[in-house]
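# Structure at a glance
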Amino acid sequence: MRVALFDYGAGNLHSLGKALEAGGSRVLFTSDWNQALNQDALVLPGVGSFGAAVRSLGNDRDRIKGALDSGYPCLGICLGMQLFFETSEEGVGEGIGLIPGTVRRLHARVVPQMGWNDVDLRPDPLFKGLDTLVAYYANSFVCEPKEEGRVIATSRYDEELLAAGVRKNRSWGVQFHPEKSSGPGLRIIRNFLEEIS
């Protein structure tokens, strides 16, 4: 399994790359969309800001959306999940637009949400073998899909119920960081790789 780990040029992707390799994949770190879409699957990491990530889409936004709409496998993590959406309060520009909806700032007393939080799971192959999940978060923004049926997991932070996971076709997004969420998080990464193999 060849997996493209896209690099927006914003930070360290080492732990996520190691988690993907531990799941049995060969990882290509790339900032080239031709290379990325020529692998078996794509992972959009959670490092960076929405504006910078959108700029990395360049003129390839429609091509990326077309690939994901056609079933090209993708896992979006934190910011990567937010890129699935149309717009964000964090920065200007259009996301991929795979899932109709927006990204907005958390309405909470303490922002960002940093640390461990319970995740309520809905039936989905991404969560195979997990009855419960406590995952690691580091986010100031949350996704608001227009279609409730896209949500496959939720978490509560302060008084807010937020989308912790979304899915469309063979694209999954998680707001938390599975690569930092111990054994259960690594299980999610393995489940993704198994589901698309």
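Each remark here, short or long, concerns the structure printed above.
Residues numbered from 1 in each chain as written. Predicted model: local features only at pLDDT ≥ 70, side-chain atom pairs only at ≥ 80, totals over all residues. Heavy atoms only, no water.

Attention now goes to the pattern of salt bridges. Counted under the stated rule, the structure contains 15 salt bridges. Between Asp60 and Arg63 there is a salt bridge; the shortest N-O distance is 3.0 Å. Owing to a relative accessible area of 37%, Arg63 belongs among the partly exposed residues under this scheme. Ionic pairing is found between Asp69 and Lys168, a salt bridge with its closest N-O pair at 3.3 Å. Taken together, the positions of Asp69 in helix H4 (residues 61-69) and Lys168 in strand E11 (residues 160-168) put the pair 99 residues apart, joining distant regions of the chain. Assessed through its relative accessible area of 16%, Lys168 is described here as buried. In this structure, a network of salt bridges that share partners links the residues Arg61, Asp62 and Glu94. (Salt bridge = Lys/Arg side-chain N within 4 Å of Asp/Glu carboxyl O. Buried < 20%, exposed > 50% of the residue type's maximum accessible area, 1.4 Å probe, protein only. Helix = DSSP H or I, 4+ residues; strand = E, 2+ residues; numbered from the N terminus.)

Attention shifts here to helix H3 (residues 50-57). Within H3, six of the eight residues are buried, leaving the element largely enclosed by the surrounding structure. Listing the buried residues of H3 in full gives Phe50, Gly51, Ala53, Val54, Ser56 and Leu57. Positioned one or two residues after H3, Gly58 has a phi angle of 55 degrees, which is positive.

What follows covers the nonpolar core. The biggest cluster of nonpolar side chains holds 34 residues, and the ones touching the most others in it are Leu20, Val43, Val119, Leu126, Phe176 and Phe192. For this core, the leading source of residues is helix H6 (residues 182-196), giving five residues. Setting aside chain neighbours within four positions, we find Phe192 in contact with Ala41, Leu42, Val43, Pro73, Cys74, Leu75, Leu126 and Trp172. Judged by nonpolar contacts, the second largest core, of 31 residues, contains Phe50, Val54, Leu98 and Cys143. (Core = buried A, V, L, I, M, F, W, Y, C linked by side-chain atoms within 4.5 Å. Contact = heavy atoms within 4.5 Å.)

Taken in spatial order, the three strands line up as E5-E6-E9 in an open sheet, and their pairing is mixed. The strands lining the two open edges of the sheet, one partner per strand, are strand E5 (87-88) and strand E9 (141-145). With two bridges connecting them, E5 and strand E6 (residues 101-105) associate as parallel partners. Note on E6: the bridge partner recorded for Ser88 is Val103. (Pairing = 2+ DSSP bridges.)

Put simply, Val111 and Pro112 share a cis peptide bond, and its omega is 10 degrees. One can find Pro112 in the loop between E6 and strand E7 (113-121). Positive phi is not limited to glycine here, since Asn169 has a value of about 55 degrees. Residue classification places Asn169 among the partly exposed residues on the basis of a relative accessible area of 36%. For Ser182, which is not glycine, the phi torsion reads 60 degrees and is therefore positive. By secondary structure assignment, the location of Ser182 is in helix H6.

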